Structures are given as C-alpha cells and as structure tokens.
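# Architecture and fold: a report
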Amino acid sequence: MDSNKMAVSINKAINTQEVAVKEKHARTCILGTHHEKGAHTFWLAVNRLPLSSNAVLCWKFCHVFHKLLRDGHPNVIKDSMRHKADLNDMSRMWGHLSEGYGKLCSIYLKLLITKMEFHIKNPRFPGNLQMSNRQLDEAGENDVNNFFQLTVEMFDYLECELNLFLGVFSSLDMSRSVSVTAAGQCRLAPLIQVILDSSHLYDYTVKLLFKLHSCLPADTLQGHRDRFQEQFKKLKSLFYRSSNLQYFKRLIQIPQLPENPPNFLRASALSEHISPVVVIPVESSSPESEHVVETEDLVDTDIPPLPSVVDSKFDDFFGTSAATDPFNFSQNGMRKDEKDRLIEQLTAELQALKEELESFRLESGRLCQALRGRVNELEAELAEQTHLKQQALGESEFLRVELDDLRRVKEDTEKEQRSLSEIERKAQANEQRYTKLKEKYTELVQSHADLLRKNAEVTRQMTVARAAQDEVDNVKKEMQDKLKAAQDSTKQQEKAQLEQLQALQAELMSSRTELETLKSTVTSSQQSSEQLNTQLSALEAEKAGLLETVSQKEAELAGLGVELERVQSSLTNERESGVKAAEALQNQLNEKESREQALESELGSLRWAALQAALEEAGRIVQDSLNQLEDPAHISCTSSADYLVSRCQVALDCVERLQSARDGFVSDNTDVSGLVRAVSQFAHLVGDVIVQGSATSHMVPVEQADALADNVKACGAEAMALLCQLKEQKSMGTADCSRLTSALDTVMALGEKLRPRGLELQQGELGDLVEQEMSATSAAVESAAARIEEMLNKSRAVDTGIKMEVNERILASCTDLMQAIKVLVLSSKDLQRDIVESGRGAASMKEFYAKNSRWTEGLISASKAVGWGATMLVDAADQVVQGKGKFEELMVCSHEIAASTAQLVAASKVKADKGSTNLSRLQQASKGVTQATAGVVASTKSGKSQIEDTDTMDFSAMTLTQIKRQEMDAQVLVLELETRLQKERERLGELRKKHYKLAGVAEGWGGEDEGTG
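Residues numbered from 1 in each chain as written. Predicted model: local features only at pLDDT ≥ 70, side-chain atom pairs only at ≥ 80, totals over all residues. Heavy atoms only, no water.

## Some points on the overall build of the chain
A tally of regular secondary structure across the chain gives 30 helices and zero strands. Buried residues in the chain amount to 34% of all 1013 residues. Across the chain, contacts joining residues at least 24 apart in sequence account for 79% of those joining residues at least 6 apart. When the accessible surface of the chain is summed, it comes to about 60,200 Å², and 53% of that surface belongs to carbon and sulfur atoms. (Helix = DSSP H or I, 4+ residues; strand = E, 2+ residues; numbered from the N terminus. Buried < 20%, exposed > 50% of the residue type's maximum accessible area, 1.4 Å probe, protein only. Contact = heavy atoms within 4.5 Å. Areas by Shrake-Rupley, 256 points an atom, 1.4 Å probe, with all protein chains shown as cover.)

## Focus on the confidence of the model for the chain
Of all residues in the chain, 81% have pLDDT values of 70 or greater, and the mean over the chain is 77. The low-confidence segment residues 283-334, where pLDDT is below 50, has 46 contacts with residues more than four positions distant or belonging to other chains. Contacts from residues 1002-1013, a stretch scored under 50 in pLDDT, to residues over four places away or in other chains number 34 contacts. (pLDDT = per-residue confidence, 0-100.)

## Regarding the packing of helix H11 (residues 191-213) against helix H12 (residues 222-243)
It is at 12 Å that the axes of H11 and H12 come closest, and there the two elements cross at 150°. Regarding the angle of H11 to H12, the classification is roughly antiparallel. Regarding H11 and H12, the two cross each other, and that crossing is left-handed. Every residue of H12 that contacts H11 at Ile195, Ser198, Ser199, Tyr202, Thr205, Val206, Leu209, Leu212 and His213 is listed here: His224, Arg225, Phe228, Phe232, Leu235, Phe239 and Ser242. Considering only residue class, the contact of H11 with H12 consists of nine nonpolar, six polar and one charged. (Axes fitted to C-alpha atoms, helices over the stretch in contact; angles between N-to-C directions. Parallel < 35°, antiparallel > 145°, perpendicular 65-115°, else oblique. Left-handed = near helix turned anticlockwise from the far one by under 90°. Nonpolar A, V, L, I, M, F, W, Y, C, P; charged D, E, K, R; others polar.)

## Brief notes about unusual backbone geometry
With a phi close to 65°, leucine 129 is a non-glycine residue in the positive phi region. Tracing the chain through its elements places leucine 129 in the loop between helix H7 (100-121) and helix H8 (133-139). The phi angle at glutamate 141 is positive, at roughly 55°, despite the residue not being glycine. Mapped onto the elements of the fold, glutamate 141 is located in the loop between H8 and helix H9 (144-171).

## Some points on the nonpolar core
In globular proteins that are soluble, nonpolar side chains generally tend to be buried together. Residues Ile14, Phe42, Trp59, Phe61, Phe65, Phe125 and Phe248 are the most contacted members of the largest nonpolar core, which totals 92 residues. If we skip the residues at most four places from it in the chain, isoleucine 14 touches Phe42, Val46, Leu49, Leu57, Lys60, Phe61 and Val64. Ala683, Ala705, Leu723 and Leu726 belong to the second-largest nonpolar core, a separate cluster that totals 47 residues. (Core = buried A, V, L, I, M, F, W, Y, C linked by side-chain atoms within 4.5 Å.)

## Some remarks on the state of the cysteines
On inspection of all chains with the given rule, the structure shows zero disulfides. The thiol of cysteine 58 is unpaired, and the distance to the nearest cysteine sulfur, on cysteine 105, comes to 4.0 Å. (Disulfide = S-S within 2.5 Å.)

## Some details on the packing of H9 against H11
Where H9 contacts H11, the two axes come as close as 9 Å, and the packing angle between them is 150°. When the interaxial angle is binned, H9 and H11 end up roughly antiparallel. Crossing of H9 over H11 shows left-handed handedness. Taken together, the residues that form the contact of H9 with H11 break down as 20 nonpolar, three polar and three charged.

## With respect to a negative patch on the surface
Taken together, the side chains of Glu411, Asp412, Glu414, Glu416 and Glu591 make up a negatively charged region of the molecular surface. Looking at which element gives the most residues to the negative patch, the answer is helix H16 (residues 336-499), with four residues. When its relative accessible area of 42% is taken as the criterion, glutamate 591 is described as partly exposed. (Patch = residues over 30% accessible without salt bridge, like charges linked within 9 Å, V, L, I, M, F, W, Y side chains within 5 Å. Salt bridge = Lys/Arg side-chain N within 4 Å of Asp/Glu carboxyl O. Lys, Arg positive; Asp, Glu negative; His and termini not counted. Charge placed at Lys NZ, Arg CZ, Asp CG, Glu CD.)

## Considering the packing of aromatic side chains
All chains considered together, the criterion is met by 18 aromatic pairs. With centroids separated by 5.7 Å and ring planes inclined at 10°, the aromatic side chains of phenylalanine 61 and phenylalanine 65 adopt a geometry described as stacked. Taken together, the residues phenylalanine 61 and phenylalanine 65, both in helix H4 (residues 55-71) and four residues apart, mark about one turn of the helix. Comparing phenylalanine 61 with phenylalanine 65 shows no difference in burial state: the two are buried. Members of the aromatic cluster, connected to one another through ring pairs, are Tyr202, Phe210, Phe228, Phe232 and Phe264. Over the face of the ring belonging to phenylalanine 147 we find lysine 211, whose NZ or CZ atom lies 5.5 Å from the ring centre. (Phe/Tyr/Trp six-rings, centres within 6.5 Å; stacked < 30°, edge-to-face > 60°. Lys NZ or Arg CZ within 6 Å of the ring centre and 35° of its normal.)

## Describing the environment of tryptophan 59
With respect to the helices, strands and loops of the structure, tryptophan 59 is situated in helix H4. Each C-alpha atom of the pair tryptophan 59 and glutamate 18 lies 9.6 Å from the other, and the pair is 41 residues apart in sequence. Contacts of tryptophan 59, omitting those with residues within four sequence positions, involve Tyr101, Leu104, Cys105, Tyr108, Leu164, Val168, Cys186, Arg187 and Pro190.

## Focus on the side chain of histidine 213
Here histidine 213 shows up in helix H11. You can call histidine 213 buried: its relative accessible area is 15%. Polar side-chain contacts of histidine 213 include one of 3.0 Å to the side chain of arginine 225. If we ignore the near neighbours within four places in the chain, the residues touching histidine 213 are Leu221, Arg225, Phe264 and Leu265. (Polar contact = N/O pair within 3.5 Å; in protein donor to acceptor, adjacent residues only side chain to side chain.)

## Things to note about the pattern of salt bridges
Applying the stated criterion across every chain yields a total of 24 salt bridges. In this structure, the salt-bridge partner of aspartate 89 is arginine 92, at a minimum N-O distance of 2.4 Å. Here arginine 92 and aspartate 89 lie together in helix H6 (residues 84-94), a separation of three residues that amounts to about one turn. A salt bridge links lysine 234 to glutamate 159; the shortest N-O distance between them is 3.7 Å. You can see lysine 234 sitting in helix H12 and its partner glutamate 159 sitting in helix H9, a full 75 residues away along the chain. Here lysine 234 falls in the partly exposed class, since its relative accessible area comes to 26%. Counted as one network, the salt bridges with shared partners bring together Arg70, Lys115 and Asp197.

## Things to note about the environment of alanine 45
For alanine 45, the location among the structural elements is in helix H3 (residues 40-46). A relative accessible area of 4% places alanine 45 in the buried class. It is 9.1 Å that separates the C-alpha atoms of alanine 45 and methionine 6, two residues lying 39 residues apart in sequence.

## Regarding helix H2 (residues 23-36)
In this model H2 runs 20 Å from its N-terminal to its C-terminal C-alpha over 14 residues, within 8% of the 20 Å that 1.5 Å per residue would give. What H2 keeps buried is the set Lys24, His25, Ala26, Thr28, Cys29, Ile30, Leu31, Gly32 and Thr33. Elements in contact with the buried residues of H2: helix H1 (3-13), H4 and helix H5 (75-80). Following H2 by one or two positions, lysine 37 has its phi on the positive side, about 55°. (Expected span 1.5 Å × (residues − 1).)

## Section: the side chain of serine 697
Looking at the secondary structure, you find serine 697 in helix H20 (residues 673-697). Among the residues examined, serine 697 registers a relative accessible area of 8% and is labelled buried. Leaving out residues up to four positions away in the same chain, serine 697 has contacts with Ala705 and Leu708.

Dropping the structure here:
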C-alpha cells in the first residue's frame, strides 16, 4: 500500500471535527501497518499534528492508536514504545484540565501506555488479547509466581480500562439521548475497544484466580479477591449501562456478567464460569465504509512463493533460456565434475526446500485444525450466548411486565397521595375558615353583650328617673291632699269659729300662725315641685336621647343579627363540609389504625422471630460447649477451681436476670431487647461454666473429675431444656429455672471443695497463720541448732581422727548457718512489723494481712520453706555424721535453704520502703545466710575429699587382664551414671515444673484471671 494513501487516511481519521472516527479510514491505517510491518508512517504523520493544542484531535488520535495496538501489526507496539515519554508528557499536560476532552485524553493516554507496557512485559499476549486456555497456561510458564504477577498486571490494566469507562460516562449528560448526537458518538466510539479488552481481561483474571487458589492458601489471595470484587461490580454496572445506549446496540453486542461474582474458594465453580463473548455484527460497519484495499494487498509478503526461489536460483546458474542445454560444455565453459557438484548441491537444496514445504504444510494443517477447534468453540459459545439471549429476553419481558405493574401501582399511589394531600389541604383551609368565623362570632357575641349591658344601664337609669317622677307626683299629690284637707279644715274651722266664735277667739292667733306656717310650707313645696319639674324635664330629654340611642343600637343589633344569621348559615355549611372532611379523615384514620394494627402484629411476629433466633443461637453455643467436652484436643486445657467458682457465681446471677427478663416479657411483650440480651449472656456464661468445669476436672483426681464432669454435663442438659421451654409461647411463662440453678449450685459446691486451703482462710485465720508460720520457722531453726549441738557432742565422744575433724567442721558450718537463718528470720519479722505499721493505717494487723492476701500467702509459703529446709538439713547432717548419709544430700539441703531464704527476703522486701533500716538489716542477714551456705558446701566438699583420700586405689597386685576388666567395668559404670544423670536432670526439671504449678494453685496464683489453658 502506498504510504501517501495511508498518510491521507490518517489525516482524515484524526481531525478536529467532533465526530466519531470513520471505520474505513481506521481500517486503512490498520492494513497499512501490516503492509509496512510497523508504525513508522503512522508516527511520521502523527508527529506533524498539533496534539498538545487541540483536545478533540488528541482524543481521536488515542482512538486510532488504540485500534492499531489491537488490530495492527505486532511491531506497532515495539515502534510505539519509542514515543512513550512523549505520551507521558502529553498525559500530564492534559491532566491539568478538570473537565471536557482534556481530562479524558489524560486518562486515555495512561490506558494506552499501560497497554503497551503490558504487551512488552508479556509478549505472548497479542494486541487483541485473544488467547486459548493452553496459550494462557504457557504465558505463565507453569510458575505460580508468574501467574501471581500476571494477575496483578491484569488488575492494573483493567483498572485503567474502567477509569476511561467511568470518565466518559461522567462527562456525558445521560438524561438526554447523547448517543445519537455526533458529539456523544465521538466520546462513545473508543469504548468499543475498551469493551473488547475488558471482556478478555475479565475472563483471563477469573481463570488465573482459580488457578492461583488451587496452588496458594486462601488468606494469601485475600487482596486479589477484594480487588476482583470491586472491579466486578464496576464492570457489571458499566456493561449494563452501555447495553442500554442506542449507539452500541447497532455496533456491538455487549455481554452481561453473572449476578454474583465467582466463588474462588470452591474449585468446582470454574465449570460454571461462562466466558463473556463480545459480538460485532457484520452490519455494524459504518455506512461510509468501503473496500479500500484489493484482495492481493492482504497477502503477507514475508514468505515469497517457493517456486520463484527455485527458479531464480536455477536461472542464476543455468540461464533463463529454456532451449539452452545445461550440459553443453561449449556454451557454459565448465567441466563435467563441476557441473555434477552443482547439480548435487541444487538437489540437496531442493530436498531441503521440499522438507521445509512439508513442514509448512504440517504447520498449516495444525493451524487449520486449531482454527476449526476454535470455530467449534465459538459456535458452542454462540449457541450458549443465543440461549442466554433468549433467557435474557424472557427475563426482560417479565421484568418489563413487572415494571409496568409497578408503574401503575406507583401512579395509583401518587394519585391517592395527591387526593389525600388535597383533602388535607381543604380540611386545613376549612379549619382556618372555621377558626376565623369562630373569632368573628366571638366578637359579635361580645359586642352584643356590651350592647345588652348598656341597654340594661339605660333601663336602670330610666327606672330611677321614673321612680323619682313618681315620688314627685306622690309628694305633689300629698301636698294637694294636705292643702285640700287644710282648706276643708279651715272651712270647718270657720264654720266652727262662726259657730264657736267666742270659743275660738283665744285660738285665733295660733291658728293664723299655723296658717302662715302652712303657707310657707306650701310655698316651699311649690318651689321644690318646680325644681322637681325642671329635673323631670331634663330626665325626659335625656330619656328621649337614650331612646334614640337605643333605637340606633337596636337597628345596629338587627343588622348584626342579619350578619350573624348569614355567618351562622355559612358556618353551618362549613360545619357540614368539615364534618364530611372529618368523616373522610376519620376513615383514613381508621385505615391507618388498621395498618398500624397489622404492622403491630407483624412487629410482634418479628420480635418473636428475633427471640427465637437468639434462643437458637444460645442453644448452639451451649451445645458447642458440650461438644467440646468430647473433643480430644480439649484434654490439654486446664483451669483452677477458684476461677470455676467465680464463673458459676456469675452464671447464677445471669439466670436470675434471665428469669426477671422472662417475667417482664410475659407481662409486656413489646420490649424483647432485655430478654434477647439476657439469653445471649446466659448462653455464653453457661457455656463458659461447662468448658471451665471440664478444664478443672483435668487437674483433680479421677473420682472428683468424673463427678465434676457429670455435673457439668447435667448443667448443660438443664440449660438446653430451659431454652427449649423458652422457645414455646405456651411454656415460656411456666419455664422453671430452679433445676438449672440447682445444677449450677452443685458445680459451685464441687468447685468450693476443690479450692486450695489457702483460699478458704478467713481474715482472722490468715493473720494468725502468718504469726504461726513465722513462730514455727523460728522454732524449727532453734530445734535444728539444738540438734546440731547435740550431734556435735555425740561425734566428739564417739569419733576420732579425720572423721571427727570432718564431722566437727560440717556441724560447725551447719551451726553457723542456723545462726544466720535465725538472724534472717528475726530481721524479717522486724521488717514485716514496719510494713504492717506503715501500710495498715487505721486497720488492724489481721485486716492488713487479709487485704494483701496474695503477699501474705507468699510470705507464709516462704516461711514454711525455710523451716522445712532447716529440718531437712539437720536430718541430712545427722545421717552424714553417722556415716549413713551422703555428702551430696547435705549440699542439696544447703542450696534449698539458700533458695528458701531468698524467697523469704523477696517476699518481705516487696512492700518495704527502700530507705528502711530493717530492710538493710534483712539484706545483711541474707548475705550472711549466703556465706554460711557456702561454708556448709565448702566444708562438706572438703570433708568428702578427705574421707575419699583415705581410700587409696592400689592396682599393684592386678594383672593386665584384671586391669582391663576393671577399666571396662568402669567405662560401663560411667556410661550408666551419665545416662542416669541425664534422666535425673530431666526428672528434676519436670519436678520443678510440677512443683511450681502446684505451688501456684495452692497459693491461688492467677485465680481471678485464669482461664482455660
């Protein structure tokens, strides 16, 4: 193909127009790389383009370059590695942009660089990543390390593919149909190459992970599984989103990944894995695509036809004329032997070419067979994909029907919600109107009440005025009556005076005076009557005004009554509508109550289900603890009786809490959390009691161990029975915890019997025991000193010579040791007294010892050891003096006394003040004991050597055979003693371990926090 034609296609494919790259131009570029066996022309054309200044141009370059890396000649990758630094710089430059094509170009360039590096590191992988399972195995060279590294590189490669996928989708507005626009297709077109790469990478990653899980532990591959899970979710989502875009539906058939990722922990899951196959239909080619290159252009020119090679070589030697005789000496000028040599050489070359041709035929046959097998595999995969497609169509149809139903239900729900909100809004508006009308009515009632009060006030004033007028009328009438009566009496008096003139002459003056008085009274009465008339006229005028005001108010009241009637009518209407709305709301409220009742019943069932699950889990925990008793590995577990007793006490308290929680749930079943917590804690504590009881039985004698194990099993059985009763609603209220409590009490009692004696001491006994042990130690030391003095006197009376000297020296050193021990014990007592006085405060000495029981028990143990060591030393010295004992026993007893005194010093000084005088005395006494012990050991060794020197070995009378026999016997004895010495050392180590362990149990070491071993 002409390089100019390829350059034209490159310039047409990579331009600044925001449209997808045309397929015919990209295909021309791909075929051009196959014809020139590289990418030289491509890079010559690309280097002239301004890729760093135009993002769309760079984006389309990445698309075309990706196609060349996938489908171009294999040398494209090698030729492109020279430009890796330029691509890196361009990626960093475009990475400074946070949106648009710039950011996408940066991501795409990183992907292309990663792809080139992957193929350079793994040259067995072709650019399109299509490989068979056998080729995939060969790529790893059957080395698990290579497979491990290859999987990591594939993860990185797939991560870059997914980043480009996500970048393109995030840059598009997916709410619009962007896939049908030219700009959207320009961004989406490169994703076809990404989908092709991603499907192969996913398939190879799954197969490699199954292979790694068959060779490596699962924990080692936890990181691989986590990374695969993350990439699986992203790839599944992106494939699903891509398959819904209209642009991809006509160009490529995107596979769908399974619902769940493969389970790599199950090797058989590999057979369930289906390789995703991306299908590109024939009609997917762009309508603008055309057949650019003729058929002969596709022929690989690497291997020229074989006949042309033979003909050319033949012509070089014999000429091109067919009529020329190759054996004509006159024309060729060659000798016959030289021609024979040439003929043989050409025959050999022809035979080699025939063999090469045969090998080519065999290779082509093998390749054809492999291609036929691959075709069969692809046909099978195509049939399976077709079947899966049919299933997917059926599922999609079913999902579409379900989606329509859900949409209808959603629409109905939205309509109901809208109607409900409208009703609530109307009810709220009616309620507001009712509130306003109520306020208006209240104002009217208040105004009417004010008017009524004013009317009553006016009426009262009118009543008062009328009463005053009536009073004036009464007074006037009374005055008129009095005047009339006076006139009548005057007339009568005149008549009487006329008749009795002479009789009334004397009373005339008084009558006139009375008359004047009456006249003045009448005058004053008339004046007051005039005043009253004036007041009455004023009151009448005021009454008229008030009547006018009353009439106005009555008119206003009438108008207000009309308004009130209108308001009452509208209020009545509103009330009716409000009643209807209230009825509707009441109906809704009833529906809500029915729903709440249904939810409450469902909640009750959920509570019971939660309780049942908790009880089931509790039963499994207790059963697991019972199963551990039969586990052979549990035999090595040990525990202390004190720890068992403490766990039993906690379990008994938990049983009481469980019973209280059960009673609370029976009385009120709305709160199940308390019972669930109690059941969970109960199961763990009872299981702990079972395990600790079994572990404790491994530390006690057989009979007690069997009794404890049987009671622990009975406790577990009672716990299971109680849990079974709690599972049933009928028997929950009557579930009895007394039998389980009794079983726990029995286990606790057995634990109490197995506890060490030191742990059972009361406060007073512990304090007394310290004094008793210290006194007993002092007494033992005094007794030992007395016995040594007695033995020394007996030895002087009986023994003579070297034996008496040895005995005196040993007993004298023992006496010095006893004196040093006595000083040490006294110093220890003084120091303890100072410790108790300084640390007890207001408490008594016994209370101090009880409060520091662990230290007190250590002190008691050290005192016992010192007294016991002194007694053993005296017994050993007595045996040595009598000649029945061994010097070694005396030295061992001395070492034991040194160790016991060191323990006593350590127990005494642990709570002492560093500047204490008694502490210094104790340390000096300890040094004295150490020196005295060294003296006993030295005197014992010296005495032993003196006595052994007396038994000289005389071999002068032995023959050679006897000496040889004695030598062999001595060697046998040496070997026996060495073997016995080794065994005794091992036995001593085991005894010390057992002694330490038993001493720890006896003294209660770690009793509080000791668990199973």
